[in-house]
Amino acid sequence: MPRLSWVCSCLAAVGVFGVATISDPAAAQGTTEVEVISEPPPQAEPPPSEPPPSEPPPDEVPPAPPLPELEKPKEPLGHLRVGGGIGLGFANDLIAVGVAPQVSYIMKRIVEPGVSIRYQFTRDRVPIEPITWHTYGASLFVRVFPIQQLFLLVEGEVINTGRKQGGIRFPRETYGNLLLGGGFMIGLAKGVFVATSLKVPVLRNPFYPTAFPIISVGGGYGF
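This is a predicted model, so every value here is computed, not measured.

Caption draft 1: Seen up close, the packing of aromatic side chains. The tally for this structure, following the rule as stated, stands at 4 aromatic pairs. Note on Tyr119 and Tyr136: the rings are 5.3 Å apart at their centroids and 45° apart in plane angle, and the pair reads as tilted. Of this pair, Tyr119 sits in strand S3 (residues 111-124) while Tyr136 sits in strand S4 (residues 131-144), and the two are 17 residues apart along the sequence. The exposure class of Tyr119 is partly exposed, given its relative accessible area of 29%. Here Tyr136 falls in the partly exposed class, since its relative accessible area comes to 48%. Ring centres of Phe145 and Phe151 lie 5.6 Å apart, and the angle between their planes is 55°; on these two criteria the pair is classed as tilted. For the pair Phe145 and Phe151, one class covers both residues: buried. In this structure, Arg81 is placed above the aromatic ring of Phe193, and the distance from its NZ or CZ to the ring centre is 5.1 Å. The ring of Phe170 has Arg163 lying over it, and the distance from NZ or CZ to the ring centre is 4.2 Å.

Encoded structure:
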């Protein structure tokens, strides 16, 4: 009995203690630590940024004014030519040698009018006493170039001549004539040319008793 009484006493004491402990919950809560977790306030999303104002398109550069057209240098109408020739004529027992400086102007490389002066020595051995002439003259001529190097020639001339035969001098006389022919011209360097021609007198007179050909070789310079 005494042991049972002791156990009961102990249980009673434990019950009282337990009741006393449970009956004061405030005291128990006072000793309990409460952890409060606070979340940060939600951050407000920034308002959507407006796109930067678009820059106005650059002003269009006006097109540059067209450059003035350069005037092409006008091709001159023609070129001046200065030259001369040495003439040689022959027929049977007649021989003629002459010198003829000339000036001409070629236009469009087709037509070339000009003027010439000349001196010519002629000797005819047909008579018993040979006859010699000293002749001075001037002429107007036109060369026509159907192609670049070949030309046709028309020449009108006036001559003054005096003859001598057997030691006797005869009065000087003046004659006119028309000569037709052609030839070719070759350029050797810039402006330098050589020309060869053959022409025949159309009219007959004491100075041109026959239609013997006259061959001329000359040259000159074109400006």
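And the narrative resumes.
Caption draft 2: Examining the confidence of the model for the protein chain more closely. Summary statistics for the protein chain give a mean pLDDT of 77 and a share of 68% for residues scoring 70 or more. Within the protein chain, the element-level pLDDT minimum falls on helix H1 (residues 2-22), averaging 42, and the maximum on S4, averaging 93. The model gives residues 1-32 a pLDDT under 50, and that stretch makes 0 contacts with residues more than four places away or in other chains.

Caption draft 3: Quick look at the nonpolar core. In this structure, Leu94, Ile131, Trp133, Ile159, Tyr175, Leu179, Phe207, Tyr208, Phe212 and Ile214 together form the largest nonpolar core, which totals 10 residues. Mapped by element, the contributors of at least two residues to this core are S4 and strand S7 (173-189). The contact partners of Tyr175, leaving out residues within four places of it in the chain, are Glu157, Val158, Ile159, Thr161, Asn205, Pro206 and Phe207.

Caption draft 4: Just the pairing of S4, in detail. Two elements, S3 and S4, share 14 bridges in a ladder whose sense is antiparallel. Considered in S4, the bridge of Thr122 is made with Trp133. Pairing between S4 and strand S5 (residues 150-165): 14 bridges, direction antiparallel. Residue Thr135 lies in a different strand from S5, and its bridge partner there is Thr161. Between S4 and the antiparallel strand that follows it, S5, lie 5 residues.

Caption draft 5: Expanded view of the pairing of S3. Because side chains alternate across S3, one face comprises the buried residues Glu112, Gly114, Ser116, Arg118, Gln120, Thr122 and Asp124, and the other comprises Val111, Pro113, Val115, Ile117, Tyr119, Phe121 and Arg123, none of which is buried. Taking the residues between adjacent antiparallel strands as the criterion, strand S2 (residues 94-107) and S3 are bridged by 3 residues, where Lys108 takes a positive phi near 55°.

Caption draft 6: Representation of the environment of Leu198. With respect to the helices and strands, the residue Leu198 is situated in strand S8 (residues 192-201). Leu198 sits in the partly exposed class, given a relative accessible area of 40%. Taking C-alpha positions, Leu198 is 9.6 Å from Leu179, a pair spaced 19 residues apart along the chain. Residues contacting Leu198, with those up to four places away along its chain left out, are Leu180, Gly181, Gly182, Pro213, Ile214 and Ile215.

What counts, and at which threshold
Residues numbered from 1 in each chain as written. Predicted model: local features only at pLDDT ≥ 70, side-chain atom pairs only at ≥ 80, totals over all residues. Heavy atoms only, no water. Phe/Tyr/Trp six-rings, centres within 6.5 Å; stacked < 30°, edge-to-face > 60°. Helix = DSSP H or I, 4+ residues; strand = E, 2+ residues; numbered from the N terminus. Buried < 20%, exposed > 50% of the residue type's maximum accessible area, 1.4 Å probe, protein only. Lys NZ or Arg CZ within 6 Å of the ring centre and 35° of its normal. pLDDT = per-residue confidence, 0-100. Contact = heavy atoms within 4.5 Å. Core = buried A, V, L, I, M, F, W, Y, C linked by side-chain atoms within 4.5 Å. Pairing = 2+ DSSP bridges.

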